[in-house]
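Remarks on the overall topology
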Amino acid sequence: MERKNSENQQALNRMVAVSRAMHEIVKTALKLANGSGPVFVDGETGTGKKLLAQMLHEEGPRKAQPLAIVRCEALSVEALDRVLFGEAHSSKIGKLEEAAEGTLLLLNLEDLGAVAQERLLTVFEQGRYRTALGETRALSCRCICTGNKKEIEKQARLGQFSADLFKRLTPSVIRMPSLSERHDDIPHLVIDILHSFAERERIEQPVVPYHYMELLMMVSWPENVRQMRNHLESVMALSEGEFNPE
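Here the structure is a predicted model, which means the values were calculated and not measured.

1. Quick word on a positive patch on the surface
A surface patch of positive charge is lined by Lys50, Arg71, Arg226 and Arg229. Tracing the backbone shows Arg229 in helix α11 (residues 224-238). Overall, the relative accessible area of 35% leaves Arg229 in the partly exposed class.

2. Topic: the side chain of Asn224
Turning to its location among the elements, Asn224 is positioned in helix α11. Relative accessible area serves as the criterion here: at 1%, Asn224 is assigned to the buried category. Within the structure, the side chain of Asn224 is placed 2.9 Å from the backbone nitrogen of Leu179, a separation counted as a polar contact. Contacts of Asn224, omitting those with residues within four sequence positions, involve Glu44, Thr45, Gly46, Thr47, Ser178 and Leu179.

3. Some thoughts on the confidence of the model for the chain
Here the chain averages 90 in pLDDT, and 94% of its residues register 70 or above. Note that residues 1-12 has pLDDT below 50 and, in this model, eight contacts with residues that lie over four places away or in other chains.

4. Re the pattern of salt bridges
Tallying each qualifying case throughout the model produces 10 salt bridges. Arg137 is the partner of Glu97 in a salt bridge, and the nearest nitrogen-oxygen pair spans 2.7 Å. Of this pair, Glu97 sits in helix α5 (residues 95-99) while Arg137 sits in strand β7 (residues 136-138), and the two are 40 residues apart along the sequence. Here Glu181 ties to Arg175 by a salt bridge, and the two come within 2.8 Å at their closest N and O atoms. What makes Glu181 partly exposed here is its relative accessible area of 39%. Classification of Arg175 as partly exposed rests on a relative accessible area of 41%. When salt bridges that share partners are traced, they join Glu97, Glu135 and Arg137 into one network.

5. So, the nonpolar core
Core analysis: the largest hydrophobic core is formed by 29 residues, its most contacted members being Leu96, Leu104, Leu106, Leu109 and Leu112. For this core, the secondary-structure elements that each account for two or more residues are β2 (67-71), α4 (80-85), α5, β5 (103-107), α6 (114-126), β8 (142-147) and α8 (163-169). The dominant element in this core, judged by the number of residues it contributes, is α6, at five residues. Setting aside residues no more than four positions away along its own chain, Leu96 makes contact with Leu84, Phe85, Leu104, Val123, Tyr129 and Leu139.

What counts, and at which threshold
- Residues numbered from 1 in each chain as written.
- Predicted model: local features only at pLDDT ≥ 70, side-chain atom pairs only at ≥ 80, totals over all residues.
- Heavy atoms only, no water.
- Patch = residues over 30% accessible without salt bridge, like charges linked within 9 Å, V, L, I, M, F, W, Y side chains within 5 Å.
- Areas by Shrake-Rupley, 256 points an atom, 1.4 Å probe, with all protein chains shown as cover.
- Salt bridge = Lys/Arg side-chain N within 4 Å of Asp/Glu carboxyl O.
- Lys, Arg positive; Asp, Glu negative; His and termini not counted.
- Charge placed at Lys NZ, Arg CZ, Asp CG, Glu CD.
- Helix = DSSP H or I, 4+ residues; strand = E, 2+ residues; numbered from the N terminus.
- Buried < 20%, exposed > 50% of the residue type's maximum accessible area, 1.4 Å probe, protein only.
- Polar contact = N/O pair within 3.5 Å; in protein donor to acceptor, adjacent residues only side chain to side chain.
- Contact = heavy atoms within 4.5 Å.
- pLDDT = per-residue confidence, 0-100.
- Core = buried A, V, L, I, M, F, W, Y, C linked by side-chain atoms within 4.5 Å.

Spelled out as structure tokens, the structure:
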């Protein structure tokens, strides 16, 4: 029990999960991490879907295996075979082969084109694929996706997204809350963002004035954590290494 509580706390710390909403998200994620079925991480732009998806891999039994990341908007018709199945002339392996016994992470599923949808559905249905060198391989990786569920459901109603593929990829769904739904996390996120910035720039971590922290907590942040991170890093850059919001 103590070991489990310790692992839970490590995951909570990594995700910055002080609010009740994020506590529940992390608890659910840790349960799903131990499985092998597909998981879909749903949420608005900038909510940290990729971070949670990576945690699902790192907290699961496949953590010692590769994590192959694919941005769905990059799977154009021209790049599709090269990215997924590799390049014969350069012997570069594709993402399916790179994932091997690990995890294939598809980012921004709503941006997946029609041809890529068809190709991936065939791979998942058959449980195998052919590499650029003509070798047939069994599909042995786990698939985790991120995206906007409402947008994909809208596309599916319009016939722009394969309903069969979406059902196959979403037996388990975790919804990342917006920043307005995890208000208690904001001070901790601010400190975490500034700590990362200070480490990257090799400067002393700045202290945020109390009145300004209160102001940050009053902002709606429609683009969520990403928008707040961009704001804080902009303040740091304009302040020349100090935190001077004026």
